[in-house]
Amino acid sequence: MSYDPIPPEVRSRLKDLRLTSRRAVGGQGIGLHRSRSRGAGLEFAQYRAYEPGDEPRQIDWKLYARSDRFFVREAERESPLAVWILLDASASMAQADGIRPGWSRMHAAKAMAACLADLALRQGDRFGLVALHEDGLRMIAPANGARQRDRLLLELHGLSAHGGFPGTRVLAPLWERIGAGDLVILLGDCFDEASVALAERLAAARREVVVIPLLTVEERDFSFTGGHRFRDPETGEELLGDGAAMRADYLARFAAARRELKARLDASGIRHADYFLDQALDLPLRRLFGARDAAEYA
């Protein structure tokens, strides 16, 4: 696969990260997330009486010699996690900073999605992608393996930002596909009320939800001077004003909006970390998934 949006310096740091979920249960196979199911696994859990169909290698022959009865050793299986990467593909994701027009929210989201797929692949977890757009969902159901990663990268390569965020009807298939205990990672600017409500509803339905808001430097610093025309890329609404005169009021409103979003996510038990376009791509991943040295990349 030739398309690789992960910068080399970021890829070299991914080896220190591990995707984790507090609710991962069930499933089959070998992974990093403890299953509550019993079977042939890595750590001994309990004995049970032999049943027809059990494999002879699971029988504890030493215990049979002492008790004259067949017992099977059960273990807790390590079960792959199902990771759903939800990517906002609405028009506002095309926004970039004036000093770096070639690095938009969408570019960052694609690269971050590729990082998450790389982490899941290395852990043996299943992973999939859902591009969120008002015209419909572009979905790759979770699976594991290198071919799944290549499918996801191909989808990311052709993805563009346009239109609005999907409504309730378009989002309906998600409730049937995302299972309890799955890990959902939402990448977007979180300016649409519907995107925040989606994260809250998934968390309320006992899905493990992580949100990474992607923001521009100009949104954070509002370093505009002189007259500007500000345009909403999704509604087309425009505002004319002097950047310097608007700055104090804008920054106060922006800070209040960030506090409100944080409070809502915290109240729903949703882990979250902001990403600004002038930061290292893996910074929010390090903050969310246990890296101790995240401050090095701030």
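Since the structure is predicted, the reported quantities are computational estimates derived from the model, not experimental observations.

Student: What's the story with helix α8 (residues 243-267) in this structure? I'm lost.
Tutor: Working note: α-helix, 3.6 residues per turn, so residues spaced by three or four point in the same direction. When the terminal C-alpha atoms of α8 are compared, their 35 Å separation across 25 residues agrees well with the 36 Å that a helix rising 1.5 Å per residue should span. The complete set of buried residues in α8 reads G243, F254, R258, L261 and L265. Close packing links the buried residues of α8 with α6 (193-204), β10 (208-215), α7 (217-221), β12 (238-242) and β13 (271-272). Looking at where α8 begins, the residue whose side-chain oxygen comes 3.3 Å from the main-chain nitrogen of A244 is D242. Looking at the residues trailing α8, positive phi occurs at G269, about 70°.

Student: For this particular structure, what's the right way to read the pattern of salt bridges?
Tutor: Oppositely charged side chains can form a pair if their charged atoms are brought close together. Within the structure shown, the criterion is met by 19 salt bridges. The residue R286 makes a salt bridge to D16 at a minimum N-O spacing of 3.9 Å. Within this pair, whereas R286 is found in helix α9 (residues 283-288), its partner D16 is found in the loop between α1 (8-14) and β1 (33-39), the two being separated by 270 residues in sequence. Owing to a relative accessible area of 1%, R286 belongs among the buried residues under this scheme.

Student: What's the story with the packing of aromatic side chains in this structure? I'm lost.
Tutor: Centre-to-centre distance and the angle between the planes together describe a pair of aromatic rings. If you walk through the whole model with that rule in mind, you get 6 aromatic pairs. With 5.7 Å between their ring centres and 25° between their planes, F222 and F230 make a pair best called stacked. Judged by relative accessible area, which is 5%, F222 ranks as buried. Relative to F230, the ring of F224 lies with its centre 5.3 Å away and its plane at 80°, an arrangement referred to as edge-to-face. Of the residues examined, F224 reaches a relative accessible area of 18% and is grouped as buried. An aromatic cluster of three or more residues is present, and its members are F222, F224, F230, Y250 and F254. Above the ring of F276, the side-chain terminus of R220 is found at 5.1 Å from the ring centroid.

Student: Explain the pairing of β12 here, please?
Tutor: As judged from the 5 bridges shared by strand β11 (residues 227-231) and β12, these two strands associate in the antiparallel manner. In the strand pairing of β12, G227 is matched with D242. Hairpin connection, β11 to β12: the antiparallel pair is bridged by 6 residues, and G236 has positive phi, about 80°.

Student: Please clarify how a nonpolar patch on the surface should be interpreted in this entry.
Tutor: Together, Y50, W61 and F70 make up an exposed nonpolar region whose accessible area comes to about 310 Å². Inspection of the secondary structure puts Y50 in the loop between β2 (43-49) and α2 (61-67).

Student: Got a minute to help me understand the layout of surface pockets in this structure?
Tutor: It is a probe the size of a water molecule, rolled over the atoms, that shows where empty space is left. By volume, the largest pocket amounts to about 1,400 Å³. Forming the boundary of the largest pocket are 36 residues, of which Q95, F191, E219, D232 and Y250 lie nearest the centre. Going through the elements one at a time, α6, α7, β11, β12 and α8 are the ones with two or more residues in the lining of the largest pocket. If one sorts the elements of the lining of the largest pocket by residue count, α8 sits on top with 10 residues. Considered class by class, the residues forming the lining of the largest pocket number 16 nonpolar, 4 polar and 16 charged.

Student: I'm lost on the confidence of the model for the protein in this one. Help?
Tutor: In low-pLDDT segments, the atomic positions of the prediction should not be examined closely. Taken residue by residue, the protein gives an average pLDDT of 86. The fraction at 70 or more is 85%. Per-residue pLDDT stays below 50 along residues 25-32; that stretch engages in 28 contacts with residues further than four places along the chain or on separate chains.

Student: Would you mind showing me how to read the nonpolar core here?
Tutor: Looking at soluble globular proteins, one finds that nonpolar side chains tend to be buried together. The biggest cluster of nonpolar side chains holds 45 residues, and the ones touching the most others in it are V83, L156, I185, L187, Y275 and L281. Mapped by element, the contributors of at least two residues to this core are α1, β4 (82-88), α3 (105-123), β7 (126-132), α4 (146-157), β9 (183-188), β10 and α9. Broken down by element, this core gets its largest block of residues, 12 residues, from α3. Counting residues in hydrophobic clusters, the runner-up holds 21 residues, among them L132, I178, V196 and L202.

Definitions and limits used
- Residues numbered from 1 in each chain as written.
- Predicted model: local features only at pLDDT ≥ 70, side-chain atom pairs only at ≥ 80, totals over all residues.
- Heavy atoms only, no water.
- Helix = DSSP H or I, 4+ residues; strand = E, 2+ residues; numbered from the N terminus.
- Expected span 1.5 Å × (residues − 1).
- Buried < 20%, exposed > 50% of the residue type's maximum accessible area, 1.4 Å probe, protein only.
- Contact = heavy atoms within 4.5 Å.
- Polar contact = N/O pair within 3.5 Å; in protein donor to acceptor, adjacent residues only side chain to side chain.
- Salt bridge = Lys/Arg side-chain N within 4 Å of Asp/Glu carboxyl O.
- Phe/Tyr/Trp six-rings, centres within 6.5 Å; stacked < 30°, edge-to-face > 60°.
- Lys NZ or Arg CZ within 6 Å of the ring centre and 35° of its normal.
- Pairing = 2+ DSSP bridges.
- Patch = residues over 30% accessible without salt bridge, like charges linked within 9 Å, V, L, I, M, F, W, Y side chains within 5 Å.
- Areas by Shrake-Rupley, 256 points an atom, 1.4 Å probe, with all protein chains shown as cover.
- 1 Å grid on protein atoms, 1.4 Å probe; cavity = no way out; pocket = protein on both sides within 12 Å on 5 of 7 lines; lining within 4 Å.
- Points joined across faces, edges and corners; volume = space filled by probe spheres on them.
- Nonpolar A, V, L, I, M, F, W, Y, C, P; charged D, E, K, R; others polar.
- pLDDT = per-residue confidence, 0-100.
- Core = buried A, V, L, I, M, F, W, Y, C linked by side-chain atoms within 4.5 Å.

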